[in-house]
Amino acid sequence: MLEVAPPYLSDTRRRLALLCEHIGEPLEHGLVARRYAVSGDRRALHGTVL
């Protein structure tokens, strides 16, 4: 996710939407994975099944 998603959320949403659509994942999973990748905080994954 770090390679695909830039640090600014405004740019991230568009890129992640395209990637998630391509791989067949919901955008919300992509955003959660990005939050975890950027922060390293496992709490970002709470309640999410990736």
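This report concerns the structure included in the present document. This structure is a prediction, so every number in the text was calculated from the model and none was measured.

### As for the overall build of the protein
Along the protein, the regular secondary structure elements total two helices and zero strands. For the protein, the proportion of its 50 residues judged to be buried stands at 24%. Only carbon and sulfur atoms are counted for the fraction: they give 55% of the accessible area of the protein, which is about 3,900 Å².

### Digging into the pattern of salt bridges
This model, assessed by the stated rule, comprises two salt bridges. Between Arg35 and Glu28 there is a salt bridge whose closest N-O contact spans 3.8 Å. For Glu28, a relative accessible area of 45% corresponds to the partly exposed category. Across the pair Asp41 and Arg43 runs a salt bridge, and its minimum N-O distance is 2.6 Å.

### Regarding helix α2 (residues 27-39)
Here α2 is 13 residues long and its end C-alpha atoms lie 18 Å apart, about the 18 Å a rise of 1.5 Å per residue gives. Within α2, burial applies to Gly30, Leu31, Val32, Ala33 and Arg34. Just downstream of α2, Gly40 is the residue with a positive phi angle, here 75°.

Basis of the calculations
- Residues numbered from 1 in each chain as written.
- Predicted model: local features only at pLDDT ≥ 70, side-chain atom pairs only at ≥ 80, totals over all residues.
- Heavy atoms only, no water.
- Helix = DSSP H or I, 4+ residues; strand = E, 2+ residues; numbered from the N terminus.
- Buried < 20%, exposed > 50% of the residue type's maximum accessible area, 1.4 Å probe, protein only.
- Areas by Shrake-Rupley, 256 points an atom, 1.4 Å probe, with all protein chains shown as cover.
- Salt bridge = Lys/Arg side-chain N within 4 Å of Asp/Glu carboxyl O.
- Expected span 1.5 Å × (residues − 1).

From the geometry alone we can't say anything about function, so treat these as descriptive.
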